[in-house]
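Chain residues, written in single-letter form:
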Amino acid sequence: MTQDELKQAVAREAIKYVVDDAWIGVGSGTTASFFIDELAKMKHRIKGAVSSSEKSTARLKGYGIEVEELNNVDNVPVYVDGADEVTKWGAMIKGGGGALTREKIVAAVARKFVCIVDASKLVPVLGKFPLPVEVIPMARSYVARELVRLGGQPAWRMGFTTDNGNLILDVSGLAIEDPGKLETTINGIAGVVTVGLFAHRGADVTLVGTDRGVETLTPIA
Ligand code: 5RP
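Note that the coordinates shown come from a computational prediction; the quantities given were computed from them, not determined experimentally.

**Overview of the site of the ligand**
Taken together, 17 residues surround the ligand, and among them Thr30, Thr31, Asp84, Gly95 and Lys121 come closest. Taking Lys94, its side chain carries an N or O atom lying 2.9 Å from an oxygen atom of the ligand. Contact distances for the ligand include 3.5 Å between an oxygen atom and a backbone N or O atom of Gly96. Protein chains bury 91% of the 370 Å² of accessible surface belonging to the ligand in isolation. According to the grid-proximity analysis, the pocket containing the ligand is the largest pocket. For the shell around the ligand, the per-class residue count stands at two nonpolar, nine polar and six charged.

**A few points about a nonpolar patch on the surface**
Judged by side-chain polarity, Ile136, Met138 and Val193 come together as a nonpolar surface patch covering roughly 300 Å² of accessible area. For Met138, the position within the fold is in the loop between β7 (131-135) and α5 (140-149). For Met138, a relative accessible area of 79% gives the class exposed.

**Some thoughts on unusual backbone geometry**
For Asp21, which is not a glycine, the phi torsion comes out positive at approximately 55 degrees. Assignment of secondary structure puts Asp21 in the loop between α1 (3-14) and β1 (23-26).

Procedures and definitions
- Residues numbered from 1 in each chain as written.
- Predicted model: local features only at pLDDT ≥ 70, side-chain atom pairs only at ≥ 80, totals over all residues.
- Heavy atoms only, no water.
- Near = heavy atom within 4 Å.
- Polar contact = N/O pair within 3.5 Å; in protein donor to acceptor, adjacent residues only side chain to side chain.
- Areas by Shrake-Rupley, 256 points an atom, 1.4 Å probe, with all protein chains shown as cover.
- 1 Å grid on protein atoms, 1.4 Å probe; cavity = no way out; pocket = protein on both sides within 12 Å on 5 of 7 lines; lining within 4 Å.
- Sits in = over half its atoms within 2 Å of the grid points.
- Nonpolar A, V, L, I, M, F, W, Y, C, P; charged D, E, K, R; others polar.
- Patch = residues over 30% accessible without salt bridge, like charges linked within 9 Å, V, L, I, M, F, W, Y side chains within 5 Å.
- Salt bridge = Lys/Arg side-chain N within 4 Å of Asp/Glu carboxyl O.
- Helix = DSSP H or I, 4+ residues; strand = E, 2+ residues; numbered from the N terminus.
- Buried < 20%, exposed > 50% of the residue type's maximum accessible area, 1.4 Å probe, protein only.

Now the structure itself:
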């Protein structure tokens, strides 16, 4: 199967987690886009969606799915999103598409995070994929120096501005043995808006698309 077919397969599987007559949280990226395509087929069963990026909002609205502002929604039973890397414990690197801040917010509100990935994203240790960090523009150099002190090599994602008007540093060279600890440390740097480590609020369920079919991983509590 191609990578796109694997993404489509997990997107289809994720529909089983969508709760009828409720708001669904929708992520960003190519895998999440496949999910939106599947969601469109059963849109009459949901209230609508809360979205984690302008791109996903446009795709949802293109299908006639109502997109509600998160501030007006107090109950999001499920959030479905992709990841750049995920461990079997549900810790993730996200933000390859630059939507990490809104993704983290919607994930925080949701009761269940369903991560959908093709098998190439499942890793034993996070960090091969450069870790995105969203920063306030005036703090870019300072945050970059602090990330170097942590052992990383930050690169400014040139020509890219997030939906929130901020910048992204992509940090390579980190072998992230303790994702929760590093998430806390990077969150503590002044000027950091969001680090693309999702460890404190990781995935509750990870659907992995493989040639043998979709595998379901649920970290043991
Ligand atoms: C966007 C994200 C995406 O979930 C992540 O980049 C995976 O994207 P794709 O499904 O296109 O591989 O975090 O900010």
